[in-house]
4 protein chains.
Amino acid sequence: MSSEFGNILRVSVFGQSHGKAIGVNIDGLPAGEPIDLEELNAFLDRRKPGKSPLSTARKESDTPVFLSGLENGVTCGFPLCAVIENSDQHSSDYSELADKPRPSHADYTARVKWGGHADMRGGGHFSGRLTAPLCIAGGIAKQILARRGIFVGAHLAAVGTENDAPFPLHPTAELFDAIAAKPFPVVDDGAGDRMQALILEARQDLDSVGGIIECAAIGLPAGLGDPMFGGVENRLAAALFGIPAVKGVEFGLGFGSARLHGSENNDPFTMENGTVVTASNRAGGILGGITTGMPVTLRTAIKPTPSISRPQQTVSLSAMENAELVIRGRHDPCIAHRAVPVVEAVTATVLLDLLLEGNHGTF
Amino acid sequence: MSSEFGNILRVSVFGQSHGKAIGVNIDGLPAGEPIDLEELNAFLDRRKPGKSPLSTARKESDTPVFLSGLENGVTCGFPLCAVIENSDQHSSDYSELADKPRPSHADYTARVKWGGHADMRGGGHFSGRLTAPLCIAGGIAKQILARRGIFVGAHLAAVGTENDAPFPLHPTAELFDAIAAKPFPVVDDGAGDRMQALILEARQDLDSVGGIIECAAIGLPAGLGDPMFGGVENRLAAALFGIPAVKGVEFGLGFGSARLHGSENNDPFTMENGTVVTASNRAGGILGGITTGMPVTLRTAIKPTPSISRPQQTVSLSAMENAELVIRGRHDPCIAHRAVPVVEAVTATVLLDLLLEGNHGTF
Amino acid sequence: MSSEFGNILRVSVFGQSHGKAIGVNIDGLPAGEPIDLEELNAFLDRRKPGKSPLSTARKESDTPVFLSGLENGVTCGFPLCAVIENSDQHSSDYSELADKPRPSHADYTARVKWGGHADMRGGGHFSGRLTAPLCIAGGIAKQILARRGIFVGAHLAAVGTENDAPFPLHPTAELFDAIAAKPFPVVDDGAGDRMQALILEARQDLDSVGGIIECAAIGLPAGLGDPMFGGVENRLAAALFGIPAVKGVEFGLGFGSARLHGSENNDPFTMENGTVVTASNRAGGILGGITTGMPVTLRTAIKPTPSISRPQQTVSLSAMENAELVIRGRHDPCIAHRAVPVVEAVTATVLLDLLLEGNHGTF
Amino acid sequence: MSSEFGNILRVSVFGQSHGKAIGVNIDGLPAGEPIDLEELNAFLDRRKPGKSPLSTARKESDTPVFLSGLENGVTCGFPLCAVIENSDQHSSDYSELADKPRPSHADYTARVKWGGHADMRGGGHFSGRLTAPLCIAGGIAKQILARRGIFVGAHLAAVGTENDAPFPLHPTAELFDAIAAKPFPVVDDGAGDRMQALILEARQDLDSVGGIIECAAIGLPAGLGDPMFGGVENRLAAALFGIPAVKGVEFGLGFGSARLHGSENNDPFTMENGTVVTASNRAGGILGGITTGMPVTLRTAIKPTPSISRPQQTVSLSAMENAELVIRGRHDPCIAHRAVPVVEAVTATVLLDLLLEGNHGTF
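On a predicted model such as this, the values are computed, not experimentally measured, just so you know.

Digging into the side chain of Gln143 of chain D
- Mapping Gln143 of chain D onto the fold places it in helix H3 (residues 131–146).
- Not counting residues up to four positions away in its chain, the partners in contact with Gln143 of chain D are Pro34, Ile35, Asp36, Glu39 and Leu40 of chain D.

Shown next as structure tokens:
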């Protein structure tokens, strides 16, 4: 089982970057949920490349075609399969890479695993393009969740050494919408300008740069999730590491907590309008794997795009000797900003799965 | 499904801190594997409390009894169930907490999920004590892996603001053994002294402190793991977040990668003794979810123990009003050092599962 | 994954017939469910051997000890582990079988799979004794279901060529109780007498005989289950074939339907007290994998005990030549009557899992 | 999880009978496997309707389009998604059924589960048409298995009261091919003629008739499968009940075993060319859930098509009162003969999954 996740809601992603089509099959969606296709397409647009010098010039139409599961714009209870045809491919750009694996890309491990059989044109099934189907699933999940008062939003928390302002203790749906509407998804536009300058500089240097995405979900009930391996953190992490380039996942303060004392890290419980809340949220809304009712917050580390235009050292697999590689083709100098909606998408999908599964604490 | 993980090798953990017994059932172990019980008990000893002022004074005998699956010290192919009886419990210490949930502990979420029914004495099923069964599973996995030249080791990379030296590019089994033999599991003993001082200071301040654990696995073949959601990172993270207090997981440089340029983060491929290796290992031995053959390296963030002796603000669930809480009983001022073998255990168990599952790239 | 089943409710069975103990771990039970241990033990008694010449003389105390998950007789939300210690074992009876596999028993396949490592004394993990832990899980599930008006009952529908009367269209909880209270679990005691005579005759002939068990569940809501592979039939069959000696499973008329015309097999819908019901129930309460609200009915085929005392032809695995085998030890001339509560147990457990999972049709 | 099955090889089926397309996504196929599309299409042709008065006149082109996973006719290691566009639909035929559920069809249970939202035109996702994607998966699996000397074949063992001759003890690939090449898939053509007469008679009587399919797999190694719930029987049954209209599954003699004595049912082991075999195969090649190396044999009961043209009693869901229904449209008087390749397909897919998973007995 590789390109699937979920318990009640099973999401299966298929396709190669330069194959006939990419797509997603979603098994377990509830019936009777209207899906606003305009809103969905607007969500998909957020991860699209080709919009600015900050990303690859590759154009993608990315308009999904629904083969099943959606009738007259409403989910019908059966598996929903959506596909996006591939086009605007420059497969010739990739011929050299079959022999000379790109450093820090899956070229080499794919070769070891599948021999020469893996279709790695354009990165194959490892391509960032495969995040488009994930966004179809996540865009649908976000609409279903929003109808229940649950909202998922994200922003680019860092690019290289430049940091955005963090989310406030209680981010709102309005804040999520405002960030989503920006051409560059940050809380603080000044920080955003500095981040963009860093990306453009990296591009000019034939280099790339990494980033961090902060994501939050509000409106979740307390009591979701299970102890130990069925926890909300486990399930989110298991899915989030499926986004290409994610190398770290943390909840609440995460690695920051490791540097603190208990007296600094503990979130005091307090009453607010007759409800138990915490005065701070360093736990990221999760204690013992189970939601507290506070916002669920997480951060993912996105490594810098491995495909850079500088000459790099690699090996020739045919000659089994060291070789130099100059990667051609169009590549993103940074993918972290484009990955913001993808992190939202995966988070929303996992949370919908948890909600559909229900809280089995009592019966 | 909550207290279980694994695909081919299924590990189920059961028990409450103050119940009759805790234990683990392991389904899918190969037959014919001799288990050295002395070695296993030595491994279990590494996580035991009561050995120094750095941890709780609670004594645990923690000697596992094997109910099934192990005959004459050799695995017999059937599910292996091992139990540890509970003793030395001070349940009265916990009576107040049913009403006043400890900040940043699972008391509150357990109450929301299971009403008053959850047996939360001593932390119930959320207790760090439940990591003992995990270590039984992991200690067995480590022996089976070692026989195939695969070794898993860990050290305490940080306590609060104090850092240990990192693992070298190629950690060795000897290094793992040397660290495991130390009373305080660090690479650099000077750093270890500073960390211990920090822990003792926290204890004196009626406080606690967090830490970071670095873990590495050497000897793994290239080609293990699957793309997207079946990746080595996904599967390790899904299990590692099941260790109590883990709030972040990263592979290779992890969040550090997000701060770098591609030219700084990429690992050049190079030939070494006729084999393809990478000159650096910022990827943590995993590209596209699949092992490269380099050491798999990961770090987990351990939050500071939430049970501190200082007065803390919480709520009374019976009165539904704010309240003050003073936690009594014996608690660890830091659990990160005791969690080192637990991280090894979970890592080893997931890797054995991956190895048993095999590499399905070609048939 | 081998000795486990279930989605939300995960049941893991462990132990060997002549090992230290057998048991079951149940992950996912709801909290707050009182378990009547007297009622549970009465249920376990129904499958116990040693009560009459109809079964083996082996005595089993079979009193479960609860290691976790049950506090003061009430489920506490955490995994429930229950064990039964083994005793009254005659392991020496089995020494010859390691070399000469019993025809139609798992001796040979165990040898192929695990080499000589499998602990096959007394049948090892394949022993009918492992159905005792299944009955612990099922007995608990039956109590939880009964509290919601859902009842599961079974009877011995056939022994060899002798048939019991079938369940009526609407079996009642009273009928289930009445059958459970009988020393021989049939609807028609006259038929039961003929069946028992057949079993005793088989015993006298140093032979054994097979049988069929009919099971029904009443009180289930309509709408449970999913299309295709998530259907109620799929999930029940997947678990029922885990009972040793089951070689066939059918729902409603099952193989009988294959012999009929549509006009004879279709169940007409009709209104009854304002509810849609079917006038007959040849479908066994399941259409398209989903419950109709009518009783779920199924039948399982139990093969004759392979361990018979007559001389049989087999092979010597050490000599790799044909050999004669005379099985010694105590064996049941028929296990079908003892398997009646086991089929109830597995059915009840799967149905509770389905109920806990909920009906995800709409949200 | 509903329309999926498999462990290592995950098969997800999607689509509705009158939606845009139907299809299958197969995750986990090994790379480097050439797929002969002509052979695959010939296999798909075996289940197609419209070829004779024995089945519905609906024409289906059923030519699969491969969106991913297959490049230049060779599997590339990534998920393989194949779709078949729908055409020749008469959706108006089904308008009445939304209110008046057809007896013994999923119309009613779908209505209960998904309210009015399920797209049940043409039977929706429950339609026999959804077996075409299953045959794509199975046709691919059959080619991969055949390359390893493993062959799966089936025949129509019964239509109503008419029986075909059973498979011999050792069916051959040649026999499978010969049956597959026949217009009516039986061993004994005389029996086939009688079966066909029965089907035509049923059609003339505005009725339908059920049947039984026997399937066998040869060339499997001994030692595949796991005890209890991971057995070959469990896994095959769990998938086979996903074929619409299957109401029973049995292995070897199945329900026939229940009527026998042990001395009649046991399969004596014997040496043959230095190998351990059984002289008979009443166990269907499976003991303790694990393959013996003998042919795996199974039978599935197919109920008569519920859609018959005679007036039938049902209810009006809008009026909540009894009503008469006359089903219009084109329906098969028997689907058992068309289901023969479907049973082969599902069996082959499950067996390939088991083979890919490997035998974890020893390591």
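A closer look at the interface of chain D and chain A
- Listed by partner, the interface residues are 42 residues for chain D and 42 residues for chain A.
- Buried surface at the junction of chain D and chain A, both sides included, amounts to about 3000 Å², of which 62% is carbon and sulfur.
- For the pair chain D and chain A, the interface holds 4 salt bridges.
- Of the charged contacts in the structure, one is a salt bridge between Arg10 of chain A and Glu4 of chain D, with a shortest N-O distance of 3.2 Å.
- Across the chain D-chain A interface, the total number found is 16 residue pairs in polar contact (both at pLDDT 80 or more).
- Elements supplying a minimum of two residues to the side of chain D that touches chain A: strand E2 (10–15), strand E3 (21–27), strand E4 (65–68), strand E6 (74–75) and strand E7 (80–85) of chain D.

What to know about the pairing of strand E16 (residues 296–302) of chain B
Residues and elements named next belong to chain B.
- Counting buried positions over the 7 residues of E16 gives 6, a clear majority of the element.
- As paired strands, strand E11 (residues 246–251) and E16 are joined by 5 bridges and run antiparallel to one another. The residue bridging Phe251 from the neighbouring strand is Leu298, located in E16.

Thoughts on the sheet that holds strand E16 (residues 296–302) of chain A
- Within the open sheet, the 10 strands sit side by side as E9(A)-E8(A)-E10(A)-E16(A)-E11(A)-E11(B)-E16(B)-E10(B)-E8(B)-E9(B). Their pairing is antiparallel. Either end of the sheet is taken by a strand with one partner, and the two such strands are strand E9 (162–163) of chain A together with strand E9 (162–163) of chain B.
- Pairing of strand E8 (residues 151–159) of chain B with strand E10 (residues 211–218) of chain B, which is carried by 8 bridges, proceeds in the antiparallel orientation. The residue of E10 of chain B that forms the bridge with Val152 of chain B is Ala217 of chain B.
- Relative to strand E8 (residues 151–159) of chain A, helix H8 (residues 336–357) of chain A is tilted by about 145°, and along the sheet it contacts E8, strand E10 (211–218) and E16 of chain A.

Observations regarding the relation of the copies chain A and chain B
- When chain A is brought onto chain B, the operation consists of a screw motion whose angular component is 180° and whose axial shift is 0.0 Å, with 0.0 Å RMSD remaining. On the angle and the small slide along the axis, the relation comes out as a two-fold axis. It is Ala238 of chain A whose C-alpha, among those of chain A, lies nearest the rotation axis, at 2.4 Å.
- Both copies present the same face, since 100% of the interface residues in chain A are matched by interface residues at the equivalent positions in chain B.

Considering the interface of chain A and chain B
- Facing 103 residues of chain A, the contacting portion of chain B comprises 103 residues.
- Across the chain A/chain B interface, buried area totals approximately 8300 Å², and carbon plus sulfur atoms make up 63% of it.
- It is Lys113, Phe229 and Lys247 of chain A in chain A that bury the most area against chain B; as a group they hold 10% of the surface buried on that side.
- The interface formed by chain A and chain B includes 2 salt bridges.
- The shortest N-O distance in the salt bridge between Glu233 of chain A and Lys247 of chain B comes to 2.7 Å.
- Looking at which element gives the most residues to the side of chain A that touches chain B, the answer is strand E11 (residues 246–251) of chain A, with 6 residues.
- By residue class, the composition of the side of chain A that touches chain B is 47 nonpolar, 41 polar and 15 charged.

Observations regarding the relation of the copies chain D and chain A
- The transformation that overlays chain D on chain A combines an axial shift of 0.0 Å with a rotation of 180°, and the residual RMSD is 0.0 Å.
- An overlap of 100% is found between the interface residues of chain D and their copies at the interface of chain A, pointing to a shared contact surface.

Section: the confidence of the model for chain A
- Of the residues in chain A, 96% reach a pLDDT of 70 or more, and the chain-wide mean stands at 94.
- Reported confidences for the modelled complex are a pTM of 0.97 and an ipTM of 0.97.

Focus: the sheet that holds strand E16 (residues 296–302) of chain C
- Spatially, 10 strands are ordered E9(C)-E8(C)-E10(C)-E16(C)-E11(C)-E11(D)-E16(D)-E10(D)-E8(D)-E9(D) in an open sheet, and the strand pairing comes out antiparallel. Bordering the open sheet on either side are strand E9 (162–163) of chain C together with strand E9 (162–163) of chain D, each of which pairs with just one other strand.
- Helix-sheet contacts for helix H4 (residues 173–181) of chain D involve strand E8 (151–159) and strand E10 (211–218) of chain D, and the interaxial angle to E8 of chain D is about 50°.
- Helix-sheet contacts for helix H8 (residues 336–357) of chain D involve E8, E10 and strand E16 (296–302) of chain D, and the interaxial angle to E8 of chain D is about 145°.

A look at the side chain of Thr349 of chain A
- Inspection of the secondary structure puts Thr349 of chain A in helix H8.
- Contacts of Thr349 of chain A, omitting those with residues within four sequence positions, involve Phe5, Leu9, Val11, Ala137, Gly138 and Ala141 of chain A.

Concerning the packing of aromatic side chains
- One pass over the structure, following the stated rule, counts 30 aromatic pairs over all chains.
- Judged by centre distance (4.5 Å) and plane angle (50°), the rings of Phe5 of chain A and Phe229 of chain B are tilted. You can see Phe5 of chain A sitting in strand E1 (residues 4–5) and its partner Phe229 of chain B sitting in the loop between E10 and helix H6 (232–240), one on each of two chains. Side by side, Phe5 of chain A and Phe229 of chain B carry an identical accessibility label, which is buried.
- Arranged with centres 5.5 Å apart and planes meeting at 65°, the rings of Phe167 of chain C and Phe176 of chain C form a pair that is edge-to-face. For the residue pair Phe167 of chain C and Phe176 of chain C, the accessibility class agrees, reading buried in each case.

Rules used throughout
- Residue positions are given per chain, counting from 1 as you read along its sequence in written order.
- Chains carry letters from A onward and ligands carry numbers from 1 onward, assigned in written order.
- Reporting of local features is limited, given that this is a predicted model, to residues whose pLDDT is at least 70; pairs of side-chain atoms are given and counted only at 80 or more, and all residues count toward the totals for whole chains, interfaces and linings.
- Excluding hydrogens and water, the side-chain values take into account all heavy atoms of the structure.
- A run of DSSP states H or I qualifies as a helix once it reaches four residues; a run of E qualifies as a strand once it reaches two. Both are numbered from the N-terminal end.
- Residue contacts follow a heavy-atom distance rule, with two residues in contact if any of their heavy atoms lie within 4.5 Å.
- Once two parts are joined, some of their accessible surface, as seen by a 1.4 Å probe, is lost; buried area is that loss totalled over both.
- What counts as a salt bridge is simple: a side-chain nitrogen of Lys or Arg found within 4 Å of a carboxyl oxygen of Asp or Glu.
- N or O atoms within 3.5 Å of each other form a polar contact, as long as, within protein, one can give a hydrogen and the other can take it, and as long as residues adjacent in sequence are counted only when both atoms are side-chain atoms.
- Buried, partly exposed and exposed residues are distinguished by accessible area as a fraction of the type maximum, computed with a 1.4 Å probe on protein chains only: under 20%, between the cut-offs, and over 50%, respectively.
- Two strands pair if DSSP finds at least two bridges between them.
- Note on geometry: axes are C-alpha line fits, over the in-contact stretch for helices, and angles between N-to-C directions span 0 to 180 degrees.
- Superposing the copies works by least squares over the C-alpha atoms of residues that have pLDDT at least 70 in both of them.
- Classification used: nonpolar for Ala, Val, Leu, Ile, Met, Phe, Trp, Tyr, Cys and Pro, charged for Asp, Glu, Lys and Arg, polar for all others including Gly.
- A score from 0 to 100, pLDDT tells how confident the predictor is in each residue.
- Pairing of aromatic rings covers Phe, Tyr and Trp, the last through its six-membered ring, and needs centres within 6.5 Å; plane angles under 30 degrees mean stacked, over 60 mean edge-to-face, and all others mean tilted.

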